[in-house]
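This is what each chain is made of:
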Amino acid sequence: MNTIGETIKMAREMRKMTQEELAQKARVGTQTIEKYESGEQIPSTQTILKLSTVLDIAASDLLDKLKNSEPANN
């Protein structure tokens, strides 16, 4: 099961976009995109909406992945 970061990375790569291009279009920092893709940071709902627009994927797909990306409470 893919995490939101893996989904962002796959969508970005399918569109032959660099992390820098995605960051610029979504108006976030390149390091932020790196953190999203590595799973180190989870994007806010507002950022998910921006990313879904830039990557041309349904926001609901990213939001569904968000559930899989949240750290387990152990």
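Residues numbered from 1 in each chain as written. Predicted model: local features only at pLDDT ≥ 70, side-chain atom pairs only at ≥ 80, totals over all residues. Heavy atoms only, no water.

Engineer: Would you explain the pattern of salt bridges in this entry?
Structural biologist: Close approach of charged atoms allows side chains with opposite charge to pair. Per the stated rule, a full pass over the model turns up one salt bridge. The salt bridge partner of R12 is E37, with a shortest N-O separation of 2.6 Å. In this pair, R12 sits in helix α1 (residues 4-14) while E37 sits in helix α3 (residues 30-38), placing the two residues 25 residues apart along the sequence. Of the two residues, R12 and E37, both sit in the buried class. (Salt bridge = Lys/Arg side-chain N within 4 Å of Asp/Glu carboxyl O. Helix = DSSP H or I, 4+ residues; strand = E, 2+ residues; numbered from the N terminus. Buried < 20%, exposed > 50% of the residue type's maximum accessible area, 1.4 Å probe, protein only.)

Engineer: What should I look at first to understand the environment of G29 in this one?
Structural biologist: With respect to the helices and strands, the residue G29 is situated in the loop between α2 (19-26) and α3. Among the residues examined, G29 registers a relative accessible area of 35% and is labelled partly exposed. Sequence spacing of G29 and Q19 is 10 residues, and the spatial spacing of their C-alpha atoms is 9.2 Å.

Engineer: Sorry, what's going on with unusual backbone geometry here?
Structural biologist: Glycine aside, residues mostly have negative phi, and peptide bonds are mostly found in the trans state. Although it is not a glycine, R27 adopts a positive phi angle of roughly 60°. Along the chain, R27 turns up in the loop between α2 and α3. Classification of R27 by relative accessible area gives exposed; the value is 74%. Despite not being glycine, D56 has its phi angle at roughly 55°, a positive value. Summarising the element assignment, D56 is placed in the loop between α4 (45-55) and α5 (59-69). Since its relative accessible area comes to 62%, D56 is described here as exposed.

Engineer: Would you take a moment to explain the nonpolar core for this structure?
Structural biologist: Side chains of nonpolar character tend, in soluble globular proteins, to be buried together. Of all hydrophobic cores here, the largest spans 14 residues; its most connected members are I4, I8, L22, I33, L51, L55 and L62. Those elements giving two or more residues to this core turn out to be α1, α2, α3, α4 and α5. (Core = buried A, V, L, I, M, F, W, Y, C linked by side-chain atoms within 4.5 Å.)

Engineer: Teacher, can you tell me more about the packing of α1 against α4 here?
Structural biologist: Between two packed helices, what matters for the description is the angle formed by their axes and the separation of those axes. The geometry of α1 relative to α4 is characterised by a closest axis approach of 10 Å and an angle of 25° between their N-to-C directions. On the basis of their axis angle, the class for α1 and α4 is roughly parallel. Crossing angle aside, the handedness with which α1 passes α4 is left-handed. The residues of α4 that touch α1, namely those facing I4, I8, A11 and R12, are I48, L51 and L55. Residue classes in the contact of α1 with α4 are distributed as six nonpolar, no polar and one charged. (Axes fitted to C-alpha atoms, helices over the stretch in contact; angles between N-to-C directions. Parallel < 35°, antiparallel > 145°, perpendicular 65-115°, else oblique. Left-handed = near helix turned anticlockwise from the far one by under 90°. Contact = heavy atoms within 4.5 Å. Nonpolar A, V, L, I, M, F, W, Y, C, P; charged D, E, K, R; others polar.)

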